[in-house]
Amino acid sequence: MSPEVLSTPVVDTVKTPDRAHSRARAARRRRIVVTATRVLLLVAVLGLWEVFSRAKVIDPFNFSMPSKIWDQIWTWVTHGTALGSLGEQIWYTLYEALLGWVLGVVAGVVLGIALGRIRFLADVLGPYIKVLNSMPRIILAPIFLIWFGLGPASKVASAVVLVFFPVFFNAFQGAREVDRDLVANARILGASDRRVTLQVVIPSATAWIFTSLHVSFGFALIGAIVGEYIGATKGIGLLVAQSQNTFNAAGVYAAMVILAVVALAAEGLLTFVERRVFRWKPANS
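The rules we used
Residues numbered from 1 in each chain as written. Predicted model: local features only at pLDDT ≥ 70, side-chain atom pairs only at ≥ 80, totals over all residues. Heavy atoms only, no water. Helix = DSSP H or I, 4+ residues; strand = E, 2+ residues; numbered from the N terminus. Buried < 20%, exposed > 50% of the residue type's maximum accessible area, 1.4 Å probe, protein only. Contact = heavy atoms within 4.5 Å. Areas by Shrake-Rupley, 256 points an atom, 1.4 Å probe, with all protein chains shown as cover. Patch = residues over 30% accessible without salt bridge, like charges linked within 9 Å, V, L, I, M, F, W, Y side chains within 5 Å. Salt bridge = Lys/Arg side-chain N within 4 Å of Asp/Glu carboxyl O. Phe/Tyr/Trp six-rings, centres within 6.5 Å; stacked < 30°, edge-to-face > 60°. Expected span 1.5 Å × (residues − 1). Bend = angle between axes of the 7 residues up to and from the residue. Lys, Arg positive; Asp, Glu negative; His and termini not counted. Charge placed at Lys NZ, Arg CZ, Asp CG, Glu CD. Core = buried A, V, L, I, M, F, W, Y, C linked by side-chain atoms within 4.5 Å. Axes fitted to C-alpha atoms, helices over the stretch in contact; angles between N-to-C directions. Left-handed = near helix turned anticlockwise from the far one by under 90°. Nonpolar A, V, L, I, M, F, W, Y, C, P; charged D, E, K, R; others polar.

### Quick word on the overall build of the protein chain
Here is step 1: Along the protein chain, the regular secondary structure elements total 12 helices and zero strands.
Here is step 2: Its helices and strands in sequence order give the protein chain the pattern α-α-α-α-α-α-α-α-α-α-α-α, from N to C terminus.
Here is step 3: By the burial criterion, 34% of the 285 residues in the protein chain qualify as buried.
Here is step 4: The contacts in the protein chain between residues at least 6 apart in sequence include a share of 74% that link residues at least 24 apart.
Here is step 5: Split by element, the accessible area of the protein chain, about 17700 Å² in all, is 69% carbon and sulfur.

Below, the structure is given as structure tokens:
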């Protein structure tokens, strides 16, 4: 047998699947450890909170305790709230946040791509956008309440102004960061400005845009809640205001827990959609 045959790297070919399986097992073990650690941390925090409240180390009147918060949530689920069923309050807030989020995302993406592609628009509108972005947008909620009343329109407006700016700046930066060689090649092939924008710029900026979507939905919830807290007829924010006015700390925390669950569910849905859209990207280990 020749030396060349003896030197064939058969062992590496055989070991390649084993390495892949080992990496997959290591990734699964890491996910299990991370999930277990998260659960243990949550249990520890809640347990210490409950113990310290019962031992009067912290004031149970102001800080409440996890058991009372759970009782409040269970009461709302089984008997409803003073404003109606809990599901109705969640849907009312979610409707305002979703509508404001969609409008803010659409406006941010369209204007961000437009200013990223058209330098003249960026030069003209850039200073105004920077000034508006520097304003504390939460203070606009009372103004929207005066303009649009106690209905959902004022909460939607608050959500829109909070969502618009992070989405706009990411879309603008994504449009500016497009590979110039791709644009040049598309133009050489005869693509018009519209086709370059639709088929090159927007797909390239999608990763930037999705990054802002994760943050912006939380901002939409904040806008809806703040608007409801200031003045509303329904919603989780109004539950927070009523609980505060009656010194019901458990009610305030219960509303916060409900909002956290809604935000986590929305984050999970966005992550699922992002993975479907970016299936070509390698998964992070």
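Let's pick the thread back up.
### Here's the deal with a nonpolar patch on the surface
Here is step 1: A cluster of nonpolar side chains, contributed by I118, F120, L121, V124, L125 and Y128, occupies part of the molecular surface with about 570 Å² of accessible area.
Here is step 2: Locating I118 in the fold gives a position in the loop between α5 (86–117) and α6 (119–134).
Here is step 3: The class of I118 is partly exposed, set by a relative accessible area of 41%.

### Here we look at the packing of aromatic side chains
Here is step 1: If you walk through the whole model with that rule in mind, you get 12 aromatic pairs.
Here is step 2: Note on W49 and Y253: the rings are 5.3 Å apart at their centroids and 75° apart in plane angle, and the pair reads as edge-to-face. Taken as a pair, W49 in helix α2 (residues 10–54) and Y253 in helix α12 (residues 249–277) lie far apart in primary sequence, 204 residues in all.
Here is step 3: Residue classification places Y253 among the partly exposed residues on the basis of a relative accessible area of 23%.
Here is step 4: An angle of 45° between the planes, with centres 6.2 Å apart, marks the rings of W91 and Y95 as tilted. On the criterion of helical spacing, the pair formed by W91 and Y95 is a turn pair, its members being four residues apart in helix α5.
Here is step 5: Exposure remark for W91: the relative accessible area of 53% places this residue in the exposed category.
Here is step 6: Grouping aromatic residues by their ring pairs yields a cluster made of F164, F165, F168, F169 and F172.

### Thoughts on helix α8 (residues 152–176)
Here is step 1: In this model α8 runs 36 Å from its N-terminal to its C-terminal C-alpha over 25 residues, within 8% of the 36 Å that 1.5 Å per residue would give.
Here is step 2: Taken as a whole, α8 carries its principal kink of about 30° at F164; the proline P166 stands between one and four residues after it.
Here is step 3: Extensive coverage of α8 is indicated by the burial of 19 of its 25 residues.

### Things to note about a positive patch on the surface
Here is step 1: Among the surface-exposed residues, R25, R28, R29 and R31 lie close enough to one another that they form a single positively charged patch.
Here is step 2: Mapped onto the elements, R31 comes out in helix α2.

### What to know about the nonpolar core
Here is step 1: Formed by 20 residues in total, the largest nonpolar core has its most connected members in W101, V105, V163, L213 and A220.
Here is step 2: Only α5, α8, α10 (193–230) and α12 provide two or more residues apiece to this core.
Here is step 3: Within the second largest apolar cluster, 15 residues are counted, among which are I73, L239, A255 and I258.

### A few points about the packing of helix α7 (residues 140–148) against α8
Here is step 1: Packing of α7 against α8 leaves a shortest axis separation of 8 Å and a crossing angle of 145°. Note on packing geometry: the crossing formed by α7 with α8 is right-handed. Along the contact surface, α7 presents L140, A141, F144, L145 and F148, while α8 presents A153, S154, K155, A157, S158 and V161.
Here is step 2: A class-by-class count of the residues in the contact of α7 with α8 yields eight nonpolar, two polar and one charged.

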